[in-house]
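# Structural overview
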Amino acid sequence: MTDRDQIFSGVKEVDEKLQIDKNSLNDFLKNLLGNKIIINDIKQFKGGQSNPTYLISTNEKDLVIRRKPPGKLLKSAHAVDREYRVITALNQTDVPVPKTYVYCDDTNIIGTPFFVMDHVKGNIFWELLLPNCDHNQRRSIYLSMNDTIAKLHNVDFKNVGLSDYGKHEEYMSRQIHRWTKQYKDSETQDIPEMNNLIEWLPKNLPDEQDTTIVHGDFRLDNMIFDKKNNSVVAILDWELSTLGNPIADFTYHMMSWRLPVGARGMGIMGADLQKLNIPKEDEYAELYYKKTGRTKIQNWDFYMAYNIFRLAGIAQGIVGRVRDGTASSAQAKEYESFVPILGKLGWNIVERLN
């Protein structure tokens with residue numbers, strides 16, 4: 001098991017500041033699922049930085065609770081109600097998601113709004129190079145990821161009741177504004193390259209593409225894989241999902257090919273992908289194009305610079321939550337040193353364009 005596997009895999013005792021009332025939750029579940037249900041244990045998943053997530057073991061089945069964290073929060077963050085809505089809608093499609101039961105905004109139950117879903121069993125992989133997998137498993141895992149994001153971007157959001165899940169226009173402009181604001185609201189250090197990106201990106205927007213459901217954080221460790229055939233059985237962590245530009249969503253996922261190995265487990269650039277049997281960037285992109293009927297991505301470098309900037313905004317938000325005492329992972333503190341690295345990587349892409 002690698003360091004990231006040890007840090008993020010599995011469950012732990014619930015953090016003291018994130019404890020929930022077992023009796024209150026049990027009464028709620030009895031009303032939801034029947035009087036015979038009894039909670040045997042509550043544990044907290046190690047992974048995840050934003051919305052605390054719990055494994056609820058009962059005498060009948062294992063459930064998962066995902067809740068807003070307590071304390072001071074950024075206005076648009078931690079939207080567990082939106083997560084519940086999109087997962088529930090996607091249960092009507094071939095996109096793999098957990099079965100949902102209910103969203104509850106009554107803060108008297110466990111202190112903050114939350115939703116209940118099934119616990120999906122399988123493997124979660126925290127290392128992009130999949131060191132514990134064999135030659136064939138690696139390729140199967142990557143091909144299933146590719147198939148899964150294509151399925152998501154092929155969903156007719158109107159047919160599943162998500163027409164009003166987000167605005168249909170000016171997605172890139174709004175996203176740049178959003179992540180600039182989050183970065184500034186959470187800022188803990190002055191990073192010149194981030195300031196440069198904040199100025200450059202809005203002035204160099206590409207033409208808008210079509211609109212689909214976008215996950216917003218589609219990456220290996222946000223998926224559960226079948227233990228036997230390595231296919232994706234559930235996509236997790238829908239907090240950043242909305243209606244938007246599928247190319248921005250896909251290039252965010254493909255950012256791993258442009259980030260160096262060792263970049264907090266987020267990059268594979270520099271690895272011998274052929275030897276590992278992991279698809280190279282061009283092959284992976286071509287597979288997506290064929291499954292979605294899209295053509296080769298134009299403005300690839302803009303999207304990469306944007307997505308690295310966006311990742312920096314996400315990381316800085318985690319740093320801000322450490323500052324404000326609402327981060328749900330001990331490893332969140334380490335993100336402060338990662339933000340300037342991302343800023344430099346993003347701005348280097350822009351400088352190479354000039």
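Residues numbered from 1 in each chain as written. Predicted model: local features only at pLDDT ≥ 70, side-chain atom pairs only at ≥ 80, totals over all residues. Heavy atoms only, no water.

### What to know about the packing of aromatic side chains
- Across all of its chains, the model carries 12 aromatic pairs by this definition.
- Seen in terms of ring centroids, Phe 302 and Tyr 303 are 5.7 Å apart; in terms of plane orientation they differ by 80°. Their pairing is edge-to-face. Take Phe 302 and Tyr 303: they sit in the same class, and that class is buried.
- In this structure an aromatic cluster arises from ring pairing among Tyr 142, Phe 250, Trp 257, Tyr 284, Tyr 288 and Tyr 289.
- Positioned above the aromatic ring of Tyr 165 is the side chain of Arg 82, whose terminal nitrogen or guanidinium carbon lies 3.9 Å from the ring centre.
- When the ring centre of Tyr 252 is taken as origin, the NZ or CZ atom of Arg 310, which lies over that ring, is 4.9 Å away. (Phe/Tyr/Trp six-rings, centres within 6.5 Å; stacked < 30°, edge-to-face > 60°. Buried < 20%, exposed > 50% of the residue type's maximum accessible area, 1.4 Å probe, protein only. Lys NZ or Arg CZ within 6 Å of the ring centre and 35° of its normal.)

### Looking at the sheet that holds strand β6 (residues 114-118)
- Here 6 strands make up an open sheet; going across it, the order is β1-β2-β3-β4-β6-β5 and the pairing antiparallel. The open sheet has two edge strands with one neighbour each: β1 (11-12) and β5 (100-104).
- When strand β2 (residues 39-45) meets strand β3 (residues 53-58), the two strands line up antiparallel, connected through 5 bridges. Following the sheet pairing, Ile 39 is matched in β3 by Thr 58. (Pairing = 2+ DSSP bridges. Helix = DSSP H or I, 4+ residues; strand = E, 2+ residues; numbered from the N terminus.)

### Topic: helix α8 (residues 246-253)
- Across the 8 residues of α8, 8 count as buried, placing the element largely inside the fold.
- For α8, the elements touching its buried residues are α5 (135-154), α6 (171-186), β7 (212-214), β10 (242-244), α10 (281-292) and α11 (300-324).
- Among the residues of α8, the N-terminal cap falls to Asn 245, whose side-chain oxygen and the backbone nitrogen of Ile 247 are separated by 2.8 Å. (Contact = heavy atoms within 4.5 Å. Polar contact = N/O pair within 3.5 Å; in protein donor to acceptor, adjacent residues only side chain to side chain.)

### Focus on unusual backbone geometry
- Despite not being glycine, Leu 130 shows a phi value in the positive range, around 50°.
- Its location among the elements puts Leu 130 in the loop between β6 and α5.
- Given the relative accessible area of 1%, Leu 130 is considered buried.
- For Glu 170, which is not a glycine, the phi torsion comes out positive at approximately 55°.
- By secondary structure assignment, the location of Glu 170 is in the loop between α5 and α6.

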